[in-house]
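What the coordinates show
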Amino acid sequence: MAFSSVFMGYYILNIYKMFGAAFPNLSDDSYLTTVGVLASMTGTLRFCWSALLDFKWASFKRVYGVLLVSQIALGSTLLWAANNGRITFAVWVSLIIFCEGGHFTLMPHIFKKTFGEQMAIKAYGVGFSFTGLASMMILVVVTTTTGKSNDIIGSCTPTIYLSVTLSAMALLVLVFFFNEEPYLIKDNFDKMSKFELEATIS
């Protein structure tokens, strides 16, 4: 789930400037730099996602579900936002990065709840090693496809929709397979090998 959910933010962070420059109405280096600054600023607001967990009605599953639905909606309409104008594109990119930050503030909570306070750090480290796979995959995609043709929009769009599909897959896992309640006792957790721990988290 971690691999699927973080893919979009990582990819947009890598290509937003090149992607935006391919649109005549957005092709301005100073504007695209401003978009990057705004995205960085909204990224610092990632704590807002974890702050929602303080409310009684806001379980991890509900908050993370809202994050994934938002991410799916933003990714699905990013092409429209770019065509629509500078404001919408800047807002969409900023919100995607805001959602990306949410993954890293919500996950510690559920790891602590699932594995216990003492084992949460170990579980978090193993669980988020899967985000490295997303980074590696994006590096391969960006270096082998993006920018290799004159049609930047055409080369980026399929991967954007792939990221939407991966987010949708993560949402399905969250809704139908994810159990928010603790299911490992400490004694068994301590005895688990790294391989067994990775299999459990993934």
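Residues numbered from 1 in each chain as written. Predicted model: local features only at pLDDT ≥ 70, side-chain atom pairs only at ≥ 80, totals over all residues. Heavy atoms only, no water.

1. Here's the deal with empty space enclosed by the protein
- If you walk through the whole model with that rule in mind, you get one cavity of 30 Å³ or more.
- In this structure, the largest cavity encloses a volume near 40 Å³.
- Every residue along the wall of the largest cavity is listed here: Phe-19, Gly-75, Leu-78, Leu-79, Thr-157, Ile-160 and Tyr-161.
- When residues of the lining of the largest cavity are traced back to their parent elements, those giving at least two are α5 (78-84) and α9 (152-176). (1 Å grid on protein atoms, 1.4 Å probe; cavity = no way out; pocket = protein on both sides within 12 Å on 5 of 7 lines; lining within 4 Å. Points joined across faces, edges and corners; volume = space filled by probe spheres on them. Helix = DSSP H or I, 4+ residues; strand = E, 2+ residues; numbered from the N terminus.)

2. Focus on a nonpolar patch on the surface
- A surface patch of nonpolar side chains, amounting to about 530 Å² of accessible area, comprises Leu-172, Val-173, Val-175, Phe-176 and Phe-177.
- Inspection of the secondary structure puts Val-175 in helix α9.
- Under the relative-accessibility criterion, Val-175 is labelled partly exposed at 43%. (Patch = residues over 30% accessible without salt bridge, like charges linked within 9 Å, V, L, I, M, F, W, Y side chains within 5 Å. Areas by Shrake-Rupley, 256 points an atom, 1.4 Å probe, with all protein chains shown as cover. Salt bridge = Lys/Arg side-chain N within 4 Å of Asp/Glu carboxyl O. Buried < 20%, exposed > 50% of the residue type's maximum accessible area, 1.4 Å probe, protein only.)

3. Brief notes about the pattern of salt bridges
- On inspection of all chains with the given rule, the structure shows two salt bridges.
- Here Asp-29 makes a salt bridge to Lys-17, at a shortest N to O gap of 3.4 Å. You can see Asp-29 sitting in helix α2 (residues 29-43) and its partner Lys-17 sitting in helix α1 (residues 2-21), a full 12 residues away along the chain.
- The class of Lys-17 is partly exposed, set by a relative accessible area of 33%.
- A salt bridge links Asp-28 to Arg-86, with the nearest nitrogen and oxygen atoms 3.6 Å apart. Taken as a pair, Asp-28 in the loop between α1 and α2 and Arg-86 in helix α6 (residues 86-115) lie far apart in primary sequence, 58 residues in all.
- A relative accessible area of 26% means that Asp-28 is categorised as partly exposed.

4. Some remarks on the confidence of the model for the chain
- Averaged over all residues, the pLDDT of the chain equals 81, while 73% of them reach at least 70.
- Of all secondary-structure elements in the chain, the lowest mean pLDDT belongs to helix α10 (residues 186-191), at 46, while α5 reaches the highest, 96.
- A low-confidence stretch, residues 184-202 (pLDDT under 50), is modelled with 28 contacts involving residues beyond four sequence positions or located in other chains. (pLDDT = per-residue confidence, 0-100. Contact = heavy atoms within 4.5 Å.)

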